[in-house]
Amino acid sequence: MEDMSQYPLELNGDDVPMVRFMNVSKRYGDLTVLDALNLDIQQSEMVTVIGPSGSGKTTVLRMLMTLEKINEGVIYVDGKPLTHMEKNGVLVPASDSYIRSVKGDIGMCFQHFNLFPHMTALQNCIEAPIHVLKMNKKEAIERAEDMLEMVGLADKKDQHPIRLSGGQQQRVAIARALCMRPKVMLLDEVTSALDPEVIGEVTNVIKKLVAEHNLTMLMVTHQMGFARDISDRVCFFFDGKIEEQGTPTALFDNPQRERTQQFLSAVKSAD
Amino acid sequence: MGSKKSLSLKPLKRIAMGPIVSIYEGIQSAIKSLLAALLSGVEVSGRVDNYLEFLAKFGDRLVDGAFITLEQALLAIIVAVIMATIFGVGRVSTSLLIRSISTTYIEFFRGTSLIVQLFWIFYVLPFFGVVLDPYPAGFIAVGLNLGAYGAEVVRGAIQAVPRGQYEAAYALNMSARLRMRRIIFPQAVVIMLPAWGNLLIELLKGTALVGLISVTDLMFQSRQIYSLSYAAIETFGTILIIYYLIARLLITPSMRALETRLSRNLKRS
Ligand SMILES: Nc1ncnc2c1ncn2[C@@H]1O[C@H](COP(=O)(O)OP(=O)(O)OP(=O)(O)O)[C@@H](O)[C@H]1O
Ligand SMILES: [Mg+2]
């Protein structure tokens, strides 16, 4: 059994990170996918995760979205524990209702968009604000229209996903997530399923988000150029651990670790 | 048939609003008048010498029977859809209790035969203080039976909705109920429709048993006509065709139309 007393009930102080992974491990049976991960993401920071396939990048995001349960450690969001809750002065695994009360701060976009196919773009965007945040419909529509405008799809609001291109669908998905006013946005390879010619329209939206919104972002991508352009920090994952991290310039131009160098040169020669 | 009066009570009439009832009765009498007009020249004697005479003599009964069969089928569909939805969703509940109840219902009604269930509901339930007229007993039995098969269809369809839909709804912080109600179930409906088309035809066939507890459906009427006329080929040939026509002209096209309507925004045209 893990000694839970090592974990604070909440994070206090001046520089509480927006997200903290503390000793987080994830296993599937015998396979350790993440091994005692420690990672802090500051308020408004844009952190990009890169690394070879199977290194655990998606798993990190899914754990933060609580789509995966963790085996050890604690994740904190905005100072509050997410995966755990306080009971009699120690942290115990969180109940579903507790998790729901905290994870509202987190939004996520997926590789395959996952728009609701039976709803129009606008309906996709107002569904959760109305039914989860209990926003009134008029307000929700206004907000959704603003967000669709922001991603450049104001004119497509009444289209169903099937009539949108992949790039448009992904932009709707971003707008949909933003309508919930998350503090943290998770983006898992949001351009990987797209045709090369529409990747730009999605990356431009993300750049705009970074520039104009006060969001904390954690993004997995295979596009090194894009990662370099917009990240505050890049984490290179290898085998369930952060092998190396740093500013884009430091990591891309002057990688210290051999595995990072190998990975980057392999990616470069593939381009 | 002395008891016939009390059997002809039509819940459909009581449930539905006036206009619908008048349209319904209008159609029924229109079909009878049409039949009468077509057969106006036909002599009806004591014996049945040819098919036209057969129709002239028993046409009204067949029409009555067909409409009772339609009513039974329609009411059974309502019961089946409600049961299938409740227990199909129950099968994927996170609560072990709800899952067990649903499994029990499904297992029971799929594991025993419709005719036995029909007799239980009509002959055995009275011993437990539940007395049902033949008419409601009939469609309830058929509805409960097909509802169990339907529940498995509903469960299968829910599980066939891509996992990404659940994940997206979860990431938007929707509660389990909201996810089911607004995201998963509406998509499952589209997936399950073709299977329901088959189930409803099964259900229609199942209603042929309600005559055994003396609901005056098509099967019941045909057995009466047969015992009066001994015209086996005419009698059972006609109802065969009527059952087939109900299935192919009413059920199949309705389901197709529903499928087209519900999937019109899901498929590129
Ligand atoms: N549900 C699961 N059951 C078993 N193993 C899993 C499961 N999900 C992921 N894994 C394993 O965990 C490891 C990390 O997976 P993850 O999806 O996080 O990798 P990734 O870095 O995102 O890879 P990619 O770049 O291919 O998306 C892989 O070895 C994968 O096979
Ligand atoms: Mg991945």
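Structural data are supplied above this passage.
These remarks concern the structure in this document. A quick note: this is a predicted structure, and the numbers were derived from the prediction, not measured. (Residues numbered from 1 in each chain as written. Chains lettered and ligands numbered in written order. Predicted model: local features only at pLDDT ≥ 70, side-chain atom pairs only at ≥ 80, totals over all residues. Heavy atoms only, no water.)

1. So, the interface of chain A and chain B
- Across the contact, 28 residues belong to chain A and 24 residues belong to chain B.
- Counting the surface lost from both chain A and chain B, the interface buries some 2,400 Å², and carbon and sulfur atoms represent 56% of this.
- At the junction of chain A with chain B, the criterion picks out two salt bridges.
- Counting the contacts that link chain A with chain B gives 12 residue pairs in polar contact (both at pLDDT 80 or more). (Contact = heavy atoms within 4.5 Å. Buried area = accessible area lost by both parts, 1.4 Å probe. Salt bridge = Lys/Arg side-chain N within 4 Å of Asp/Glu carboxyl O. Polar contact = N/O pair within 3.5 Å; in protein donor to acceptor, adjacent residues only side chain to side chain.)

2. Digging into helix α2 (residues 96-103) of chain A
All names here are of chain A.
- Along α2, the residues classified as buried are Tyr-98, Ile-99, Val-102 and Lys-103. Along α2, the residues classed as buried sweep out an arc of 120° about the axis, all on the same side. Along α2, the residues that are exposed and aim more than 90 degrees away from the buried face are Asp-96, Ser-97 and Ser-101. (Buried < 20%, exposed > 50% of the residue type's maximum accessible area, 1.4 Å probe, protein only. Helix = DSSP H or I, 4+ residues; strand = E, 2+ residues; numbered from the N terminus. Arc of directions from axis to C-beta.)

3. Description of the packing of helix α5 (residues 166-178) of chain A against helix α6 (residues 196-212) of chain A
All names here are of chain A.
- It is the contact of α5 with α6, at a shortest axis distance of 8 Å, that shows an interaxial angle of 20°. Between α5 and α6, the angle is such that the two are roughly parallel. Of the two possible hands of crossing, α5 and α6 adopt the one that is right-handed. Along its contact with α5, which presents Gly-167, Gln-168, Gln-170, Arg-171, Ile-174 and Leu-178, the element α6 presents Val-198, Glu-201, Val-202, Val-205, Ile-206 and Leu-209.
- Split into classes, the residues belonging to the contact of α5 with α6 amount to seven nonpolar, three polar and two charged. (Axes fitted to C-alpha atoms, helices over the stretch in contact; angles between N-to-C directions. Parallel < 35°, antiparallel > 145°, perpendicular 65-115°, else oblique. Left-handed = near helix turned anticlockwise from the far one by under 90°. Nonpolar A, V, L, I, M, F, W, Y, C, P; charged D, E, K, R; others polar.)

4. Observations concerning the site of ligand 1
Residue and element names in this part refer to chain A.
- Surrounding ligand 1, one finds 13 residues, the nearest of these being Ser-53, Gly-54, Lys-57, Thr-58 and Thr-59.
- A distance of 3.0 Å separates an oxygen atom of ligand 1 from a polar backbone atom of Gly-56.
- Within the side chain of Glu-189, an N or O atom sits 3.3 Å from an oxygen atom of ligand 1.
- Considered on its own, ligand 1 offers 640 Å² of accessible surface; in the complex 60% of this is hidden by protein.
- Looking at the shell around ligand 1, the elements with two or more residues in it are β2 (31-41) and α1 (57-64).
- It is α1 that provides the largest number of residues to the shell around ligand 1, a total of three residues. (Near = heavy atom within 4 Å. Areas by Shrake-Rupley, 256 points an atom, 1.4 Å probe, with all protein chains shown as cover.)

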